[in-house]
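Chain by chain, the residues:
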Amino acid sequence: MLCLAALTFHAAAMGNKYEPNKLTTAELSGNFREPPMEYRPFVWWHWMGSNFSKLGIRKDLEAMKACGIAGATIFNLASAVQESHRPIENNPWPEQTYRSEAYWEAIEYAAEVAEKLRLKIGLHNTPGYSTTGGPWVSERQCMQKLVMTRTDIEGGKRVSVKLPQPDFPVFTDYSGRQRQATFYEDITVMAVPEKGELKASDVQEIPAKMDAQGLLTWDAPKGKWHIFRIGHAPTMSTPHPLPDDIIGKTLEVDKMNAEASSFHWDQMLGPLKEHVGRYFGKSFTHLLVDSYEAGEQDWTEGFREQFSEMHGYDPLTMLAIVTANPEHPMSRKFSTDRSATISRMFIENGWKTAKEKIAEAGLKMYWEPYWGPFSTEESIPIPDLPMTEFWTGGDGRIGGSFVDIANESGKNVIGAEAFTGRPEMSHYTEDPAFLKKSADGVFVSGINLLFLHHWVHQPFDDRYQPGMGMGWWGTHFGRNQTWFRPGKAFMTYLSRCQMMLRQGKLVSHQGNILHRETEDADIFFVVNQGDRAATETVECSRAATEPELWDAYSGRITLARQNERVRVEGNTKVTIRLRAGQSMFVVFNHKKASYKKAPAYRFGKKTRRTISDLWDVAFEPKLDEPFSIKDYRLADLSYSSEPRLKYFSGTARYSKTVELSTEDLTGKRVIIHLGTLNDIAELMVNGREAGTLWYPPYEADITDFLRKGENSITVAVTNNWANRLIGDEQYEPDFEWGMDRGESMGRAMKAFPEWFVNDSPRPSQRKTFVIWSYFRKNSRLEPAGLVGPVELSFQEIARD
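So, here is what we can say about the structure in this document. Owing to the predicted nature of the structure, the values given are computational and were not obtained by experimental measurement.

Thresholds applied
- Residues numbered from 1 in each chain as written.
- Predicted model: local features only at pLDDT ≥ 70, side-chain atom pairs only at ≥ 80, totals over all residues.
- Heavy atoms only, no water.
- Helix = DSSP H or I, 4+ residues; strand = E, 2+ residues; numbered from the N terminus.
- Rg over C-alpha atoms; globule rule 2.2 N^0.38 Å.
- Contact = heavy atoms within 4.5 Å.
- Areas by Shrake-Rupley, 256 points an atom, 1.4 Å probe, with all protein chains shown as cover.
- Salt bridge = Lys/Arg side-chain N within 4 Å of Asp/Glu carboxyl O.
- Disulfide = S-S within 2.5 Å.
- Buried < 20%, exposed > 50% of the residue type's maximum accessible area, 1.4 Å probe, protein only.
- Phe/Tyr/Trp six-rings, centres within 6.5 Å; stacked < 30°, edge-to-face > 60°.
- Lys NZ or Arg CZ within 6 Å of the ring centre and 35° of its normal.
- Pairing = 2+ DSSP bridges.
- Expected span 1.5 Å × (residues − 1).
- Axes fitted to C-alpha atoms, helices over the stretch in contact; angles between N-to-C directions.
- Core = buried A, V, L, I, M, F, W, Y, C linked by side-chain atoms within 4.5 Å.
- Parallel < 35°, antiparallel > 145°, perpendicular 65-115°, else oblique.
- Left-handed = near helix turned anticlockwise from the far one by under 90°.
- Nonpolar A, V, L, I, M, F, W, Y, C, P; charged D, E, K, R; others polar.
- Polar contact = N/O pair within 3.5 Å; in protein donor to acceptor, adjacent residues only side chain to side chain.

## As for the overall build of the protein chain
Right, on to step 1. Across its full length, the protein chain carries 15 helices and 44 strands.
Right, on to step 2. For 800 residues, the compact-globule formula gives about 28 Å, and the C-alpha radius of gyration of the protein chain, at 31 Å, lands near that figure.
Right, on to step 3. Its C-alpha atoms put the protein chain at 115 × 70 × 50 Å along the principal axes.
Right, on to step 4. Looking at the protein chain alone, contacts between residues at least 24 apart form 78% of all its contacts between residues at least 6 apart.
Right, on to step 5. Carbon together with sulfur atoms contributes 47% to the accessible area of the protein chain, which is approximately 31,800 Å² in total.

## Notes on the pattern of salt bridges
Right, on to step 1. Summed over the entire model, instances satisfying the criterion amount to 50 salt bridges.
Right, on to step 2. In this structure, Asp759 engages Arg463 in a salt bridge whose closest nitrogen and oxygen atoms are separated by 2.2 Å. Of the two residues, Asp759 is situated in the loop between helix H15 (754-757) and strand E41 (769-770) and Arg463 in the loop between strand E18 (449-456) and strand E19 (466-467); the sequence distance between them amounts to 296 residues.
Right, on to step 3. Put simply, Arg762 and Asp734 hold a salt bridge, and the shortest N to O gap is 2.6 Å.

## Notes on the state of the cysteines
Right, on to step 1. What the rule picks out here adds up to zero disulfides.
Right, on to step 2. Among the cysteines around Cys67, which has no disulfide bond, Cys497 carries the closest sulfur, lying 16 Å off.
Right, on to step 3. Under the relative-accessibility criterion, Cys67 is labelled buried at 3%.

## Looking at the packing of aromatic side chains
Right, on to step 1. Applying the stated rule across the entire model yields 57 aromatic pairs.
Right, on to step 2. Their ring planes at 40° and their centres at 6.5 Å tell us that Phe346 and Trp351 sit as a pair that is tilted.
Right, on to step 3. Among the residues examined, Phe346 registers a relative accessible area of 0% and is labelled buried.
Right, on to step 4. The exposure class of Trp351 is buried, given its relative accessible area of 2%.
Right, on to step 5. Ring-pair connections join several aromatic residues into one group, and the members of that group are Phe390, Phe419, Phe477, Trp483, Phe490, Tyr493, Tyr553, Trp694 and Tyr695.
Right, on to step 6. A cation over a ring is seen here: Arg496 above Phe32, with NZ or CZ 5.9 Å from the ring centre.
Right, on to step 7. We note Lys597 situated over the ring of Tyr595; from NZ or CZ to the ring centre the distance is 4.2 Å.

## Considerations on the pairing of strand E9 (residues 185-193)
Right, on to step 1. Bridge count between E9 and strand E12 (residues 224-234): eight bridges; the pairing is antiparallel. Across the sheet, residue Val192 finds its bridge partner in E12, namely His226.
Right, on to step 2. Two elements, E9 and strand E10 (residues 204-205), share two bridges in a ladder whose sense is antiparallel. Bridge pairing in E10 places Ala191 opposite Gln204.

## Side note on helix H3 (residues 101-117)
Right, on to step 1. If you check H3, its first and last C-alpha atoms are 24 Å apart, about what 17 residues at 1.5 Å a residue would give, namely 24 Å.
Right, on to step 2. Of the residues making up H3, those classed as buried are Tyr103, Trp104, Ala106, Ile107, Tyr109, Ala110, Ala111, Val113, Ala114 and Leu117.
Right, on to step 3. Those residues of H3 that are buried lie in contact with strand E1 (42-48), helix H2 (54-67), strand E2 (71-77), strand E3 (120-124) and helix H4 (258-276).
Right, on to step 4. Two residues or fewer after H3 comes Arg118, characterised by a positive phi angle close to 60°.

## Details of the sheet that holds E12
Right, on to step 1. Taking strand neighbours across the sheet as the criterion, the four strands line up as E5-E12-E9-E10 in an open arrangement whose pairing is antiparallel. Strand pairing shows two members of the sheet lacking a second neighbour, strand E5 (144-154) and E10, which therefore form its edges.
Right, on to step 2. Contacts between helix H6 (residues 315-324) and the sheet are confined to E5, E9 and E12, with E9 contributing the most and set at about 55° to the helix.

## As for unusual backbone geometry
Phi is mostly negative for residues that are not glycine, and the peptide bonds are mostly trans.
Right, on to step 1. With omega at -5°, the peptide bond leading from Ser130 into Thr131 counts as cis.
Right, on to step 2. Among the structural elements, Thr131 can be located in the loop between E3 and strand E4 (133-134).
Right, on to step 3. Non-glycine residue Asp759 carries a positive phi angle of around 55°.

## Some words on the nonpolar core
Right, on to step 1. Core analysis: the biggest nonpolar cluster contains 173 residues, and Phe419, Leu450, Tyr654 and Ile702 have the highest contact counts within it.
Right, on to step 2. At ten residues, H3 tops the list of elements feeding residues into this core.
Right, on to step 3. For Leu450, the contacting residues outside a window of four places in its chain are Pro41, Phe42, Phe390, Ala416, Ala418, Phe419, Val442, Phe443, Leu494 and Gln498.

## Focus: the packing of H3 against H4
Right, on to step 1. Put simply, H3 and H4 touch, their axes get as near as 9 Å, and they point 60° apart. Taken together, the axes of H3 and H4 are oblique relative to one another. Our pair here, H3 against H4, has a crossing hand that is right-handed. Residues Trp104, Ile107, Glu108 and Ala111 of H3 touch H4, and the partners they reach there are Pro271, Leu272, His275 and Val276.
Right, on to step 2. The class makeup of the residues in the contact of H3 with H4 is six nonpolar, one polar and one charged.

## Considering the environment of Asp431
Right, on to step 1. You can see Asp431 is positioned in the loop between strand E17 (415-420) and helix H10 (432-444).
Right, on to step 2. Given a relative accessible area of 10%, Asp431 falls into the buried group.
Right, on to step 3. With 44 residues separating them along the chain, Asp431 and Thr475 place their C-alpha atoms 9.2 Å apart.
Right, on to step 4. Apart from the residues lying within four places of it in its own chain, the contact partners of Asp431 are Trp483 and Asp679.
Right, on to step 5. Within the structure, Asp431 has its side chain in polar contact with the backbone nitrogen of Phe434 (distance 2.9 Å).

## Re the packing of helix H5 (residues 303-311) against H6
Geometry of a packed helix pair, given as the angle between the helix axes and the separation of the axes.
Right, on to step 1. For the pair H5 and H6, the least separation of the axes is 9 Å and the interaxial angle reads 90°. Here H5 lies roughly perpendicular to H6, going by the angle between them. Here Phe303, Arg304, Phe307 and Ser308 of H5 come into contact with H6, specifically with Pro315, Leu316 and Thr317.
Right, on to step 2. By residue class, the composition of the contact of H5 with H6 is four nonpolar, two polar and one charged.

## Examining the side chain of His286
Right, on to step 1. Structurally, His286 is set in strand E14 (residues 284-289).
Right, on to step 2. Look past the residues within four positions of His286 in its chain and what remains in contact with it is Phe42, Ala72, Thr73, Ile121, Gly122, Leu123, Leu363, Lys364 and Tyr366.

## Let's talk about H10
For an α-helix the count is 3.6 residues per turn, leaving residues at separations of three or four pointing the same way.
Right, on to step 1. Compared with an ideal rise of 1.5 Å per residue, which puts 13 residues at 18 Å, H10 spans 18 Å between its outermost C-alpha atoms and is within 8% of the ideal.
Right, on to step 2. Across the 13 residues that make up H10, a large majority, eleven, are buried.
Right, on to step 3. All of the buried residues along H10 are Pro432, Ala433, Leu435, Lys436, Ser438, Ala439, Asp440, Gly441, Val442, Phe443 and Val444.
Right, on to step 4. Structurally, the start of H10 carries an N-cap: the backbone nitrogen of Ala433 is 3.2 Å from a side-chain oxygen of Asp431.
Right, on to step 5. Gly446 occupies a position one or two residues after H10 and carries a positive phi of about 110°.

## Notes on the pairing of E12
Right, on to step 1. Counting buried positions over the eleven residues of E12 gives ten, a clear majority of the element.
Right, on to step 2. Of the pairings in the sheet, the one linking E5 to E12 comprises eleven bridges and is antiparallel in character. Bridged to Leu146 within E12 is His232.

## Focus on the sheet that holds E3
Right, on to step 1. Strand order in the closed barrel formed by eight strands is E1-E2-E3-E14-E15-E16-E17-E18, with parallel pairing between adjacent strands. When strand polarity is set aside, the average angle formed by the axes of neighbouring strands in this sheet is 30°.
Right, on to step 2. Looking at chain direction, E3 and E14 are connected through four bridges and run parallel. Bridging across to E14, Ile121 finds its partner in Phe284.
Right, on to step 3. H2 rests against E1, E2, E3 and E18 of the sheet, and its axis sits at about 165° to E1.
Right, on to step 4. Against the sheet, H4 touches E3 and E14, its axis set at about 155° to E14.

Pasting the structure below:
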């Protein structure tokens, strides 16, 4: 049992006030089946190198609208990506370079189409997905680091010695490319005596004793001295993964320097406003800063003064001391103070400058404020939308105090980069059932706006599918996904959750339960992420009317006490038994608002009837001609000896007629159980849509669709891309393979083939087209189709 009085987190900063313009419980109920656009998830829309087209932009945005997406953030990336940019060769439109005329026309067109569709779009601030920079950043404006050389001398005489200039830094990017700095500037020269109890007053700062060529002429006091020539140079860190034409021409801006940061944002925003400004605040709403991957920075103009003001001693003097003597008692404190100064300058001069510049343009700042040399805790309150992230394969939980800090700073909406997938897990095999666990985990952590990673822009003709990818990264959302159309049910689930999780204020999030409070209701989100049934209890401290169950999977609202898996004590305590992987909203309504609730039942006798496993099946391959088989015996398609079934990817429509009597239907609810299927099923009964089943157990109450006599049942089952992709590996490639990262991660297409670029007939029997292949000829096929057994259960309604 979970007692709310014992919960430790309270959104104290929000007091007793609720955000205005939020929905009453009655309004929530009216929007629960189809949430308004503002509550739907966004996507990260990756434009790969020069591969973008107006036709593809329009089709992508129309598809987003159709499947329940509210908008997108555009990223300008390399034509292909692994750890970073690994461009594919022979791109069909090489003239469409970053910020070319064609590029701006495409961005403007995207904003125009989004406006017509009432979608919202934005842009990642820098080319690549990290962090802040561009081809407009010079080495002097780049992130800076301290560099130094040490020369040892014997004093007691005039010394004339050449102090070597520190080496120019060399930056190695995530793809292994190296780039060396050419800019360097001296800061000072420090002379440190070699002695035991070394104090700051023992150090002499002598920059005037060194000429422009590095020649030191100094009347050195007696003893041994360590001479440090200290300067700064650019780190040469670069945004990544970059559009192909600007690789090697781009630098990360100095984030500790307000002037440099302002310059970056001016260069970024100026041309954008020129081309898209009329859509600012309308269809074009935000700029994003993705998670920090720009590396370390420890110097900028004004650093010495900032450090001294914060900590009361000179950092360069101490740097010389602890470099000469790493065991010096001040070493640890100096390291801590140095980090604190860097963090402060990142925040004040980098991130707050960014927020100001973005706000001046009439846009919102979205930001993942972590992984950098700055305080995440102090950074979370800065953006309009603080964001975190979760990857597939885990439970989706957001650790630490991220959500707590965001709520304490008044952020009611908290975003997350959602379902990022490594190549070992994202093989075009992802489906909603696989994704639900991590979605529930992030929701119960307090996140309430997802940005799906990823929706890659598809610029080419529709016959090239799955089409463009983000190199080896997933998850593969988008209009070319096999389950794109039935997958709308999953998007609706996400939207329902997000709508409920934005109401009122967050009270607590602990374990498997989240609690929000509105003026007229207490809303609990309860999840079971385990692989077996589990019981959870929620208790409301405010008096309530009948507690209700709001099921985001089905869209049904029922009275809790009518459900046979629920125990209600009074009107304030609910104990619910959740199936493996199930989630539920428990709502305590404090106002007697009237809205429709679906009936729920407790049952008496239950009987089951197995439906014959011979079905008529209409196969609709994603990339081939449809075909039909009568009296097909249910089986996993991947076990078939027929290539057209074994390597099938698409939708198979299973049809059957079932005879039912008056006795079958009187006083009973009829549940259809589909048994085993892969991956998602659309159910029709007597020509009417009876639901989309995307998570096990694949079952639905179809009583209201049935009639005495003959009943037609159609189950349209859509599987993923894997088997068709493996089928194509039985043929020789009609392109050249590039880098091979092994069977667990896949291999790249080296270059777009000439037949593709020239729009010539394809010279092979291959049907799919991908720039990254996860499969080999002998890769394991994925389960596919309806396996069953399909059963009907007749459940007598218990009479009180």
